[in-house]
Amino acid sequence: MGTLTNGRTTIPFDNWSAPHLDWRKAGRTDLDPILKDCVILAAAPDAKGHPHHSIPDGTRMVAISDDKDQESPVLYMSRLEISKFFDGVIAGEFDEFRASESELEAAAATT
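Fair warning: this is a prediction, and the values are worked out from it, not measured in the lab. (Residues numbered from 1 in each chain as written. Predicted model: local features only at pLDDT ≥ 70, side-chain atom pairs only at ≥ 80, totals over all residues. Heavy atoms only, no water.)

*Asks:* Help me out: how do you make sense of the pattern of salt bridges in this one?
*Replies:* Side chains that differ in sign of charge can pair as their charged atoms come close. Within the structure shown, the criterion is met by two salt bridges. Of the charged contacts in the structure, one is a salt bridge between lysine 25 and aspartate 67, with a shortest N-O distance of 2.6 Å. Here the residue lysine 25 occupies a position in the loop between strand E3 (22-24) and strand E4 (39-44), and aspartate 67 occupies one in the loop between strand E5 (61-66) and strand E6 (75-78), the gap between them amounting to 42 residues. Across the pair, aspartate 67 and lysine 25 agree in class, each one buried. A salt bridge links lysine 68 to aspartate 66; the shortest N-O distance between them is 3.1 Å. (Salt bridge = Lys/Arg side-chain N within 4 Å of Asp/Glu carboxyl O. Helix = DSSP H or I, 4+ residues; strand = E, 2+ residues; numbered from the N terminus. Buried < 20%, exposed > 50% of the residue type's maximum accessible area, 1.4 Å probe, protein only.)

Right, dumping it as structure tokens:
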């Protein structure tokens, strides 16, 4: 069995597509009660036999999924790829996809 943590609380959790991983979600989310509302990340096994030439065996990988459904698909990205994506997020390149203040307030009201 894997786990899911938000940095304050850890609970048992497995995604059926990637069992036994230790998943992490943003600290601004809650785990008690479990609010399934977040993208989750986990350190994944190193790549082996990846079909893309840019991912040689031994490449450190990150698993990405959604905690709302334990059968959610899992995407695997190299740590280099996820680092470049994080750099873009930090630089504001994806701000257009952020929830508006009213969407955040509405979500908070339902919890």
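*Asks:* Before we go on, may I ask you to explain the environment of alanine 63 in this structure?
*Replies:* Along the chain, the position of alanine 63 falls in strand E5. As for alanine 63 and valine 74, which are separated by 11 residues in sequence, their C-alpha atoms are 6.2 Å apart. Leave out the neighbours within four places in its chain, and alanine 63 touches Leu21, Trp23, Ile40, Leu41, Ala42, Ala44, Val74, Leu75 and Tyr76. (Contact = heavy atoms within 4.5 Å.)

*Asks:* Sorry if this is basic, but what is going on with the side chain of aspartate 67 here?
*Replies:* Of the residues examined, aspartate 67 reaches a relative accessible area of 1% and is grouped as buried. A distance of 2.6 Å separates a polar atom in the side chain of aspartate 67 from a polar atom in the side chain of lysine 25. (Polar contact = N/O pair within 3.5 Å; in protein donor to acceptor, adjacent residues only side chain to side chain.)

*Asks:* Quick question: what am I supposed to make of the sheet that holds E6 here?
*Replies:* Strand-to-strand pairing in sheets goes through backbone hydrogen bonds, with the strands running parallel or antiparallel. Read across the sheet, six strands follow the order E2-E1-E3-E4-E5-E6 without closing on themselves; strand pairing throughout is mixed. Looking at strand neighbours, the two that pair on one side only are strand E2 (10-12) and E6, the edges of this open sheet. On average, each strand axis in the sheet is inclined to that of its neighbour by 30°, with strand direction left out of account. Here two bridges tie E3 to E4, and the two strands are oriented antiparallel to one another. Pairing of arginine 24 across the sheet is with leucine 41, part of E4. Where helix H1 (residues 79-90) meets the sheet, its contacts fall on E4, E5 and E6, and the angle it forms with E6 comes to roughly 90°. (Pairing = 2+ DSSP bridges. Axes fitted to C-alpha atoms, helices over the stretch in contact; angles between N-to-C directions.)

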